[in-house]
Amino acid sequence: LVDYVMDNGKPTTIGLSYPEYKALQGKQKDCSGLLAWASDIADLQKGGHTEKTRIQLWSGSAFDALKLRPYLGRSFGGQTGNRVYAGGMPALLSYRFWRNDFHGSDHVLGQAVFISGHPVTIVGVMPRGFEGLTANFHPDVYLPLAFENLQYGAGFLESPKHFGLYVMGRLR
């Protein structure tokens, strides 16, 4: 896997915008698959209480590019980043979060919870031992990138001024 970053002429690098990611994806010849993601903290509401939770937002291509299959249920792979979902966006739980907060129950599939006040439907559980794509940030919930438009407002993800996406590719 290789990282794609924008060099801003400083000792640090910044991420890419969604339009840059899509352009790169369209021109890609060296990688068999690209994935984009962003990490955040959000409110998770379930069972009448609210708690802060770590979320990671993924492009639909991430599961294939990482050759990752859920432990339980399905992924949201292949769906476009700005798709609108009826009945709530699909979400996957980390294995650790599923075991600790949902008692490892298979009945979690299809259950609705709220992230930052928006309904999401649990469709799967990530593989055991997978702890996300960012060092020292172990997500509890994985959502499609389109969740950024719910969290921050319509058009946020598509803005060429938002450079919050990390991008990786799998070399051929």
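The structure displayed is predicted, hence computed values, not measured ones.

## Overview of the overall build of the chain
Within the chain one finds four helices and eleven strands. In the structure as shown, the chain presents an accessible area of about 8700 Å², 52% of it carried by carbon and sulfur atoms.

## What to know about the side chain of Q56
Here Q56 shows up in strand β5 (residues 49-58). Of the residues examined, Q56 reaches a relative accessible area of 0% and is grouped as buried. Among the polar contacts listed, one links the side chain of Q56 to the side chain of W58, at a separation of 3.2 Å.

## Notes on the pairing of strand β10 (residues 141-144)
Pairing geometry for β5 and β10, over four bridges, is parallel. By the bridge assignment, W58 is partnered in β10 with P144.

## Quick notes on the environment of L66
Summarising the element assignment, L66 is placed in helix α2 (residues 62-66). Its relative accessible area of 14% is what places L66 among the buried residues. Put simply, L66 and L35 are 31 residues apart on the chain and 8.3 Å apart in space, counted from C-alpha to C-alpha.

## A few points about the pattern of salt bridges
This model, assessed by the stated rule, comprises five salt bridges. One salt bridge in this structure joins K52 and D43, with 2.9 Å as the shortest N-O distance. For R54, the salt bridge goes to D140, with nearest N and O atoms at 3.1 Å. Highlighted residues: R54 in strand β5 and D140 in the loop between β9 (118-125) and β10, separated in sequence by 86 residues. Linked by salt bridges that have partners in common, R54, R96, E131 and D140 make up one network.

## Some thoughts on unusual backbone geometry
A positive phi angle is found at H103, which is not glycine, with a value near 55°. Inspection of the secondary structure assignment puts H103 in the loop between α3 (95-101) and β8 (112-115).

About the thresholds
Residues numbered from 1 in each chain as written. Predicted model: local features only at pLDDT ≥ 70, side-chain atom pairs only at ≥ 80, totals over all residues. Heavy atoms only, no water. Helix = DSSP H or I, 4+ residues; strand = E, 2+ residues; numbered from the N terminus. Areas by Shrake-Rupley, 256 points an atom, 1.4 Å probe, with all protein chains shown as cover. Buried < 20%, exposed > 50% of the residue type's maximum accessible area, 1.4 Å probe, protein only. Polar contact = N/O pair within 3.5 Å; in protein donor to acceptor, adjacent residues only side chain to side chain. Pairing = 2+ DSSP bridges. Salt bridge = Lys/Arg side-chain N within 4 Å of Asp/Glu carboxyl O.

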